[in-house]
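These are the residues of each chain, in order.
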Protein chains: 2
Amino acid sequence: MQNVIKEKRTSFHITQEELSQKLNVSRQTIISLEKGKYKPSLVLAHKLAQIFGCTIEDLFIFEGDENIDG
Amino acid sequence: MQNVIKEKRTSFHITQEELSQKLNVSRQTIISLEKGKYKPSLVLAHKLAQIFGCTIEDLFIFEGDENIDG
DNA sequence: ATAAAATGTAAAGTGAACTTGACATCTGAT
DNA sequence: ATCAGATGTCAAGTTCACTTTACATTTTAT
């Protein structure tokens with residue numbers, strides 16, 4: 001799964017620290033997310049979409065067996 | 001967090017077992033999801049939205065601290 | 001050049017998403 | 001009434017999302 005979180009964040013001119021505070025998660029969580037180290041929870045994905053004023057599907061790119069067809 | 005998975009599933013006239021097979025998860029996962037016992041992963045939420053032809057935000061209702069404002 | 005801010009890495013711990021399996025109850029058709 | 005299919009409960013296990021802390025590197029401004 002890929003995401004465009006870093007692109008969105010920089011386009012909003014906020015730091016990882018600021019983003020982590022808005023989301024009530026650690027900065028490490030933001031770093032790992034942007035690096036694609038793990039997949040966020042549904043709630044975290046929803047909050048990110050709220051902050052960036054877009055849909056969850058705008059932020060994340062699902063691949064392979066993350067889709068129904070496989 | 002609430003969801004409308006049971007309503008969507010019954011409107012599509014498929015059983016929990018059939019849905020679980022389409023999603024590659026256990027039937028227990030569907031039961032627990034419909035009962036609101038836990039929050040699905042982002043990937044599972046995405047697959048559900050694909051199956052039902054809607055968005056993730058159509059399926060799930062976020063409340064309280066699951067939103068940015070709190 | 002240097003200091004500060006921003007970003008990154010590493011590692012160990014916790015909780016919850018999801019699994020498996022066994023058994024109970026409800027519903028509908030015959 | 002009964003049998004099968006669908007739905008539900010309970011419990012124990014595994015995996016991974018996310019945390020915390022501490023330290024290293026890169027970027028930016030002066």
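Keep in mind that this is a model prediction, so the values were computed, not measured. (Residues numbered from 1 in each chain as written. Chains lettered and ligands numbered in written order. Predicted model: local features only at pLDDT ≥ 70, side-chain atom pairs only at ≥ 80, totals over all residues. Heavy atoms only, no water.)

**Student:** How would you sum up the UniProt feature "domain: HTH cro/C1-type" (unreviewed entry) in chain A? Please name residues and give values.
**Tutor:** Under the UniProt annotation, "domain: HTH cro/C1-type" (unreviewed entry) lies at residues 5-59 of chain A. Structurally, residues 5-59 of chain A is divided into 69% helix and 0% strand, and its ends, taken at the C-alpha atoms, are 7 Å apart. (UniProt positions renumbered as here; feature names shortened; annotations may be inferred. Helix = DSSP H or I, 4+ residues; strand = E, 2+ residues; numbered from the N terminus.)

**Student:** I'd like a rundown of unusual backbone geometry, residues and numbers included.
**Tutor:** For residues besides glycine, phi is generally negative; the peptide bonds are generally trans as well. Notably, A:His13 is not glycine yet its phi reads approximately 55 degrees, a positive angle. As for its position among the elements, A:His13 is in the loop between α1 (5-11) and α2 (16-23).

**Student:** Which residues make up the environment of A:Leu59, and what values do they have?
**Tutor:** Residue and element names in this part refer to chain A. Among the secondary structure elements, Leu59 is positioned in helix α5 (residues 56-59). Residues Leu59 and His13, 46 residues apart in the sequence, show an inter-C-alpha distance of 17 Å. Leu59 has contacts with Gln2, Asn3, Val4, Lys8, Ala45, Leu48, Ala49, Phe52 and Cys54, leaving out every residue within four places of it along the chain. (Contact = heavy atoms within 4.5 Å.)

**Student:** Please provide a residue-by-residue account of the protein's contact with DNA strand D, values included.
**Tutor:** Taken together, 18 residues lie near DNA strand D, and A:Thr29, A:Tyr38, A:Pro40, A:Ser41 and B:Gln16 sit nearest. Those atoms of DNA strand D that come within 4 Å of the protein belong to sugar or phosphate at a rate of 63%. B:Arg9 has a polar side-chain atom sitting 2.9 Å from a phosphate oxygen of DNA strand D. Note that a base oxygen of DNA strand D is positioned 3.0 Å from one of the side-chain N or O atoms of B:Arg27. Secondary structure elements with two or more residues in the surface near DNA strand D: α3 (27-34) of chain A together with α1 (5-11) and α3 (27-34) of chain B. By residue number, the principal contributor to the surface near DNA strand D is α3(B), which donates three residues. Among the residues forming the surface near DNA strand D, the class breakdown is five nonpolar, eight polar and five charged. (Near = heavy atom within 4 Å. Polar contact = N/O pair within 3.5 Å; in protein donor to acceptor, adjacent residues only side chain to side chain. Nonpolar A, V, L, I, M, F, W, Y, C, P; charged D, E, K, R; others polar.)

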